[in-house]
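Descriptive analysis of the structure
Residues per chain, in single letters:
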Amino acid sequence: MGRSRAAEGAENFPVAMRVLPRELRLALRAVYDVVRVIDDLGDEPGPVARSGTETNAGDTPERRVARLDAFAADLGRVWAGGRPDAPVLRALVPVVRGRGLMQDPFDRLIAANLADQRVERYETLADLLGYCALSAVPIGRLVLQLFRVDAPAGSPVEQRADAVCTALQLLEHCQDVAEDRARGRVYLPADDLRVFGVAEADLDAPHATPALARLVRHETDRALELLGSGAGVVADLHGWARVAVAGYVAGGRAAGDALLRVHGDVLGRVASTRRRDVLRHLVVALASARSAPARLAQASTVRSAP
């Protein structure tokens, strides 16, 4: 995830965008445009459009850090009352004012990209989840804020949203093994590589070895389990917030379908998310959310029966 792809949930983002009211579509797009620019500043070798840092190009970690630092300073002007240089940040200003968005999630996304310039491997799942707390979790926090969802720090709603966004990030890591490897990064935990008997050199092969395919399926199953643990957030929400977040959950399940469809061979085959799978999972997610109150009421009745 590029982080922004975790947010967009591959195919589900366009699906959600089509049905949301125009005001919400534009607000979401303004947020995701900023997320995309942050991502590109950390990944792309050349100028990044609308970032305000177009003249500071260069494909070295030091130059990418300089671009990210400059963008972070410009980002601060959004909340300080100044006029940002970057067009993408100027477009964000009315959304921040109108929706009460906080700066911290954006700062965390920049921190994730800064981490990418110095950290290329993660030893354990816990280490990787720490990275996801910077690269994925802020997306969910921003979405909740944008929809004005009451989700205090540490609340069940926030925790479930965090789980969904983290799962989307992990699924993207599985889809993008080859792309990340080309950038010199490995987001599969090193201890899992060892357990499954996968050498880093195996990531350069034209097709996944049987061991790597098993590892990818393992990581996919784990991410889908995490997604399932957070999917209840859809029932916590109402109105357009429910529709949008159901789309993210559906996109994650469809990404899992894609990974299982290629049997873990993410080197020789493209694990592309299919729109029809997103729509299928979206219908299920919304139907499940609508029936959740009835299920809870029934369970309560059973517990209280003599």
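Residues numbered from 1 in each chain as written. Predicted model: local features only at pLDDT ≥ 70, side-chain atom pairs only at ≥ 80, totals over all residues. Heavy atoms only, no water.

**Quick notes on the overall build of the chain**
Just so we agree on the cut-off: Numbering of helices and strands starts at the N terminus; helices are DSSP runs of H or I of at least 4 residues and strands are runs of E of at least 2. Only protein chains enter the area calculation, which uses a 1.4 Å probe; residues under 20% of their type maximum are buried, those over 50% are exposed, and those in between are partly exposed. All accessibility values rest on the Shrake-Rupley procedure with a 1.4 Å probe; residue burial counts only the protein chains present in the view.
Each helix and strand in the chain was counted, giving 15 helices and zero strands. Each of the 306 residues in the chain was classed as buried or not, and the buried ones make up 50%. About 13400 Å² of surface is accessible on the chain, with carbon and sulfur atoms providing 56% of the total.

**Topic: helix H14 (residues 239-261)**
Rules: Here the expected length of a helix is defined as 1.5 Å per residue gap, with one fewer gap than residues.
With 23 residues, H14 should cover 33 Å at 1.5 Å per step; its first-to-last C-alpha distance of 33 Å lies within 8% of that length. Counting buried positions over the 23 residues of H14 gives 17, a clear majority of the element. Within two residues after H14, His263 carries a phi angle of roughly 55°, on the positive side.

**Looking at the pattern of salt bridges**
Rule in force here: Salt bridge, as used here: a side-chain nitrogen of Lys or Arg that lies within 4 Å of a carboxyl oxygen of Asp or Glu.
In total, this model carries 22 salt bridges according to the counting rule given. One salt bridge connects Glu120 with Arg121, and the closest N-O pair in it is separated by 3.9 Å. Residue Arg160 pairs with Asp236 through a salt bridge whose shortest N-O separation is 2.7 Å. Of this pair, Arg160 sits in helix H9 (residues 156-175) while Asp236 sits in helix H13 (residues 233-236), and the two are 76 residues apart along the sequence. Overlapping salt bridges bring together Glu120, Arg121, Arg181, Glu200 and Asp204 as one network.

**Some words on the nonpolar core**
Here is the rule: In this text, buried Ala, Val, Leu, Ile, Met, Phe, Trp, Tyr and Cys residues form a nonpolar core when linked through side-chain atoms within 4.5 Å. Between two residues, a contact is recorded if the distance between any of their heavy atoms is within 4.5 Å.
Within the largest apolar cluster, 89 residues are counted, with the highest numbers of intra-cluster contacts made by Val31, Phe71, Leu89, Leu92, Phe147 and Leu212. Excluding its chain neighbours within four sequence positions, the residues that come into contact with Leu92 are Ala30, Val31, Val34, Leu75, Trp79 and Phe106.

**Some remarks on the packing of helix H8 (residues 137-146) against H9**
Selection rule: Fitted lines through C-alpha atoms give the axes, limited to the stretch in contact for helices. The angle between two N-to-C directions lies from 0 to 180 degrees. Angle categories: roughly parallel below 35 degrees, roughly antiparallel above 145, roughly perpendicular from 65 to 115, and oblique for all the rest. The sense of a crossing depends on the near helix, which, turned anticlockwise from the far helix by less than a right angle, makes the crossing left-handed and, turned clockwise, makes it right-handed.
Running from N to C, H8 and H9 cross one another at 130°; their axes reach a closest spacing of 8 Å. Judged on the interaxial angle alone, H9 and H8 are oblique. Considering the relative orientation of H8 and H9, their crossing is right-handed. Between H8 and H9, the contacting residues are Val137, Ile139, Gly140, Arg141 and Leu144 on the first element and Val157, Glu158, Ala161, Asp162, Cys165 and Thr166 on the second.

**Quick word on the confidence of the model for the chain**
To be explicit about the condition: Predictor confidence is given residue by residue as pLDDT, running from a minimum of 0 to a maximum of 100.
Averaged over all residues, the pLDDT of the chain is 89; the fraction at 70 or higher stands at 85%. Segment residues 9-15 is flagged for pLDDT under 50; beyond a separation of four residues in sequence, or across chains, it makes 18 contacts in the model. Counting interchain partners and residues more than four positions distant, the pLDDT-below-50 stretch residues 296-306 has zero contacts.

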